[in-house]
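Chain and residue survey
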Amino acid sequence: MIGTARDITMTLLSARARGATICPSEVARALTLSDDWRGATPMVHAAVDHLLAEDRVEISWKGQSLENRAGPYRIGRPRD
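The shown structure was predicted, so the numbers you read here are calculated from the model rather than taken from an experiment.

**Observations concerning the overall build of the chain**
Check the secondary structure of the chain and you find 3 helices and 4 strands. Put simply, the chain runs from its N terminus to its C terminus through helices and strands in the order α-β-α-α-β-β-β. The globule rule puts the C-alpha radius of gyration for 80 residues at 12 Å, and the 12 Å found for the chain is close to it. Out of the 80 residues in the chain, the part that is buried amounts to 32%. At a minimum sequence separation of 6, the contacts of the chain that also span at least 24 residues come to 44%. When the accessible surface of the chain is totalled, it reaches about 4,900 Å², and 51% of it is carbon and sulfur. With 11 positive and 10 negative side-chain charges, the chain shows a separation of 5 Å between the mean positions of the two kinds.

**Focus: the sheet that holds strand S2 (residues 58–61)**
The 4 strands are arranged S1-S4-S2-S3 in an open sheet whose pairing can be described as antiparallel. Each end of this open sheet is capped by a strand with a single partner; those strands are strand S1 (21–22) and strand S3 (64–66).

**Comments concerning the nonpolar core**
Soluble globular proteins tend to pack their nonpolar side chains together in the buried interior. Ranked by size, the top nonpolar core spans 19 residues in total, and within it Leu13, Val27, Leu31, Val44, Val48, Val57 and Ile75 carry the most contacts. Mapped onto this core, the elements with two or more residues apiece are helix H1 (2–14), helix H2 (24–32) and helix H3 (41–53). For this core, the element with the highest residue contribution is H3, accounting for 5 residues. Among all residues touching Leu13, those that are not within four sequence positions of it are Ala20, Ile22, Val57, Ile75, Gly76 and Arg77.

**What to know about the pattern of salt bridges**
Enumeration according to the criterion identifies 4 salt bridges in this entry. Here Arg6 makes a salt bridge to Glu54, at a shortest N to O gap of 3.1 Å. A residue pair is termed long-range when its members are at least 10 positions apart, and Arg6 in helix H1 and Glu54 in the loop between H3 and S2 qualify at 48 residues. With its nearest N and O atoms 3.5 Å apart, the salt bridge here joins Arg79 to Glu58. Here Glu58 lies in strand S2 and Arg79 lies in the segment after strand S4 (74–76), a separation of 21 residues in the sequence. With a relative accessible area of 58%, Arg79 lands in the exposed category.

Cut-offs applied
- Residues numbered from 1 in each chain as written.
- Predicted model: local features only at pLDDT ≥ 70, side-chain atom pairs only at ≥ 80, totals over all residues.
- Heavy atoms only, no water.
- Helix = DSSP H or I, 4+ residues; strand = E, 2+ residues; numbered from the N terminus.
- Rg over C-alpha atoms; globule rule 2.2 N^0.38 Å.
- Buried < 20%, exposed > 50% of the residue type's maximum accessible area, 1.4 Å probe, protein only.
- Contact = heavy atoms within 4.5 Å.
- Areas by Shrake-Rupley, 256 points an atom, 1.4 Å probe, with all protein chains shown as cover.
- Lys, Arg positive; Asp, Glu negative; His and termini not counted.
- Charge placed at Lys NZ, Arg CZ, Asp CG, Glu CD.
- Pairing = 2+ DSSP bridges.
- Core = buried A, V, L, I, M, F, W, Y, C linked by side-chain atoms within 4.5 Å.
- Salt bridge = Lys/Arg side-chain N within 4 Å of Asp/Glu carboxyl O.

See the structure below:
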């Protein structure tokens, strides 16, 4: 299931303008396609951790880059 969360994350990001970010809850909602998306958030966080380790995404909060995922965050593509 983590692979699916990774794929959804990358698909949602590719549909956004360069520099735009997505919320982890958007990934969870797309993953579950139901109102009970909160249960999918641990899978989304794990997928984001893997994508971070592979330098495929960056995370930020209120425009400030974050080194590690902790607390609220947004997901974006790495800057060139």
